[in-house]
Amino acid sequence: MLFFRRKRKLTSIDDAVSQIVRQSDLFDAGWYLRQYPDVADAGFDPAVHYVRHGAAEQRRPGPWFDPETYIHAIGSDEATANPLLHYIQHRPFVAGPAASVPKPYTNLSEYLIFSLLCPIVRAPFTEEDRRCFAAMENIKNCLVNRLTDHTILVSVIMPVRNRDSTLRRAAVSVLTQSYLNLELIIIDDGSEDQSVAVASELACVDSRVRHVVLTEHVGVCAARNIGLKEARGDIIAYLDSDNIWLSDFLAASIASLNDHTEIDAVYSGQYLYDSIHAKAPFAIRFGAMNESLLEQHNYIDLNCLVHRRRVLDAGVRFDENLQRLVDWDFILQIKASGRICSVPFVQSNYYAASVANSITSTVPFQPAYDYVCHKWTGASSSAKATLARRVCVVIPSFEALEHLRRCVDSLQPYLSQELFELVIVDNNSSDEVKEFVTSLRHPNVKVILNDVNYGFSYAVNQGVAVASRDADVLLLNNDAELETDALTILQQTAYHDDEIAISVPRQVVPAGTANMRDHVPYADLQRECDVSLSAHHRNISDISLFHEGRLVELNFAPFFCVYIKRPVWDSCGGLDYANGRHYRSDRIMCDLVRNMFRKRIVYVANAKVRHAAQAATRELQRSSAAVSEDFKIMFVQNRWPDQLRAALNIVELPWMSS
């Protein structure tokens, strides 16, 4: 259908619904316009078009929501008018690929890797899903079977306010756990229904129930903090009064903590239901621990988390300024002060719309979201910007002057240190850029000015060639900026193990980056995002069953910023500029490192580098040079022109020209 833009004023309803759609993490305006060029041609605002026309025509609002699958799954005609709006109003704030998208896994190991970047699997479940979930059920059984110590007291904290219809069901799921040594602390937060009577009856029937009645409503966080003061157990868990646990939740969680005494908290997966009356879950939520994703977009529910009492000794408490996204803030506190591990089993049921007074339904999302984001923005590690070994930072540079300035500025904490060197190799930029790099007069800084653009790989090799022979190498794009301690952490990680050859930081791209969800399907587009762990690159090699997330094995990392031990660099002979003039050389070196030299490439979560995502390339594309043959040869074909190939004695292999 063709559309012509009409200058009709938005109705208040259209405007309100368009705003809801626009803010949803499942609506992707850029994708919508690319998918439906008739909308772009007509000059429609994509969100407005979806509300007025696209929803009724069952157009997809983005790559991760399939309206046809959704309508079929819920079996209701109510969703037909606007499936996405119906989903937002009736489902928790989740994202994940639609069930119709082919699954990128066939076994549990591959699923765990997938879950790092997309912790939601939607029904209808495929055979690949079922075999992975079955393996997780068997993991749970093994954990329960090897739990022999039942002497540890577990405190379960359950705040309640006006939940007489669901409280008994939730409490019974605690009291019928296969692990019996527990206390259930029910904190009544000023209920006005029969919740107090239900809790009192439970306390009379089972001595493990302790009932605390508050005389006034204080909020869920204050109620939980009161519960923490009452708790006597060495292990603490939480269950909301409208959700339930399956019978082995505590046993499997405690067994996991027993197996890993260094870990402070563990979490598992959840079945997600529309309501307590739903016969089957609409999704399963489990994501292996990914620190950067957790900071970007929460995927861990408090009801599937268990932690040791020592977490409280570090000052972790529920933030009483919050009524929503309480789980996210609390878990971020634990991560900041301790260690969290994911365990792949599912023994918890989350009900999206079981009661009318649920926090999800009654408390606005955006203020809480803004509060948590602001609170945790800028949180960093405690490492200091000091070096234990000599390192040379090599920056291949072309144009993008303002980015280059910020890149160099980010290195200031290291610049005067004896073990630090900086080499900038400029690929024939404008005079303004050359002036800047030649103005950097410092004993630790060297500059190479090329009279042609050799591309990334050759320029990097030029830089390393003038570095000290004992210096490790940090390759850094000219549009990347290191956080203060990033270089220190990368160096420490590289020498954490003799088998580690390359350490890789978070590569953080700005909010709204066009291809963000190609790398991280669960990403919140409103926030900056780490794309070092990438579904697009498929570069996660392996993760452990019980995963902490601080180090991740990779099979490849784009060389926007990587720390390479010098013996490894020398063994590889530098970057293969002959077969990868501007790109590909990073993949070649990664393959050599892993397959020829049997060394490791490791991602470290607490080293952060902000990347403007190929600003230099975009600047060249915008210039008149973009139409030149040289540009096409380097950036499109990744080859050498005849004159430069002859000058550098490069032999073009048969596959290069085919």
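Residues numbered from 1 in each chain as written. Predicted model: local features only at pLDDT ≥ 70, side-chain atom pairs only at ≥ 80, totals over all residues. Heavy atoms only, no water.

Draft legend 1. Main features of the packing of helix H8 (residues 127–145) against helix H12 (residues 249–259). Where H8 meets H12, the closest approach of the two axes is 8 Å, and the angle between their N-to-C directions is 70°. By the criterion of interaxial angle, the relationship of H8 to H12 is roughly perpendicular. Only Ala251, Ala252, Ala255, Ser256 and Asp259 of H12 make contact with H8, whose side of the interface consists of Lys140, Leu143 and Val144. Broken down by class, the residue content of the contact of H8 with H12 amounts to five nonpolar, one polar and two charged. (Axes fitted to C-alpha atoms, helices over the stretch in contact; angles between N-to-C directions. Helix = DSSP H or I, 4+ residues; strand = E, 2+ residues; numbered from the N terminus. Parallel < 35°, antiparallel > 145°, perpendicular 65-115°, else oblique. Contact = heavy atoms within 4.5 Å. Nonpolar A, V, L, I, M, F, W, Y, C, P; charged D, E, K, R; others polar.)

Draft legend 2. Up close: the environment of aspartate 234. Of note, aspartate 234 is situated in the loop between helix H11 (220–230) and strand S5 (235–238). Under the relative-accessibility criterion, aspartate 234 is labelled partly exposed at 49%. Residues aspartate 234 and arginine 308 lie 74 residues apart in sequence; the distance between their C-alpha atoms is 6.0 Å. (Buried < 20%, exposed > 50% of the residue type's maximum accessible area, 1.4 Å probe, protein only.)

Draft legend 3. Quick look at the packing of aromatic side chains. The tally for this structure, following the rule as stated, stands at 22 aromatic pairs. With a centroid separation of 6.3 Å and an interplanar angle of 80°, the aromatic rings of tyrosine 458 and tryptophan 640 are classed as edge-to-face. With tyrosine 458 in helix H21 (residues 456–465) and tryptophan 640 in the loop between helix H27 (629–636) and helix H28 (642–647), the pair connects residues that are 182 residues apart, well separated along the chain. In this structure, tyrosine 458 and tryptophan 640 share a single accessibility class: buried. A connected cluster of aromatic rings, assembled from ring pairs, spans Tyr105, Tyr111, Phe114, Phe125 and Phe133. Sitting over the face of the ring of tyrosine 36, arginine 59 holds its NZ or CZ atom 4.8 Å from the ring centroid. (Phe/Tyr/Trp six-rings, centres within 6.5 Å; stacked < 30°, edge-to-face > 60°. Lys NZ or Arg CZ within 6 Å of the ring centre and 35° of its normal.)

Draft legend 4. The pairing of strand S13 (residues 445–450), seen in detail. Across six bridges, the pairing between strand S12 (residues 420–427) and S13 is parallel. Paired with valine 425 across the two strands is isoleucine 448, which belongs to S13. (Pairing = 2+ DSSP bridges.)

Draft legend 5. Representation of the pairing of strand S19 (residues 551–554) within the structure. A one-sided burial pattern is seen for S19, the buried positions being Val552 and Leu554 and the unburied ones Leu551 and Glu553. Here two bridges tie strand S18 (residues 540–542) to S19, and the two strands are oriented antiparallel to one another. Bridge assignment links isoleucine 540 to a residue of S19, and that residue is leucine 554. Relative to strand S21 (residues 600–611), S19 runs antiparallel, the two sharing four bridges. Bridge pairing in S21 links glutamate 553 to valine 602.

Draft legend 6. Structural view of the pattern of salt bridges. Counting across every chain of the model gives 37 salt bridges. Among the salt bridges present, the one from arginine 232 reaches glutamate 183, with a minimum N-O distance of 3.2 Å. Here glutamate 183 lies in strand S3 (residues 182–189) and arginine 232 lies in the loop between H11 and S5, a separation of 49 residues in the sequence. The exposed category is assigned to arginine 232, whose relative accessible area is 55%. Assessed through its relative accessible area of 3%, glutamate 183 is described here as buried. Measuring nitrogen to oxygen at the nearest pair gives 2.9 Å for the salt bridge that ties glutamate 528 to arginine 610. Taken together, the positions of glutamate 528 in the loop between helix H23 (516–519) and strand S17 (529–530) and arginine 610 in strand S21 put the pair 82 residues apart, joining distant regions of the chain. Arginine 610 sits in the partly exposed class, given a relative accessible area of 30%. (Salt bridge = Lys/Arg side-chain N within 4 Å of Asp/Glu carboxyl O.)

Draft legend 7. H8, seen in detail. A rise of 1.5 Å per residue sets the reference length of H8, with its 19 residues, at 27 Å; its end C-alpha atoms lie 27 Å apart and thus fit the reference within 8%. Considered for burial, the residues of H8 that qualify are Asp129, Cys132, Phe133, Met136, Ile139, Lys140, Leu143 and Val144. In an axial view of H8, the angular spread of the buried residues amounts to 135°, which keeps them on one side of the axis. Taken together, the buried residues of H8 touch helix H7 (108–117), strand S1 (120–122), H12, strand S8 (283–285) and strand S10 (340–351). (Expected span 1.5 Å × (residues − 1). Arc of directions from axis to C-beta.)

Draft legend 8. View of the side chain of serine 268. Locating serine 268 in the fold gives a position in strand S7 (residues 265–273). Setting aside residues no more than four positions away along its own chain, serine 268 makes contact with Phe249, Phe286, Cys304, Val343 and Phe345.

Geometric descriptors of this kind do not, in isolation, establish any biological role.
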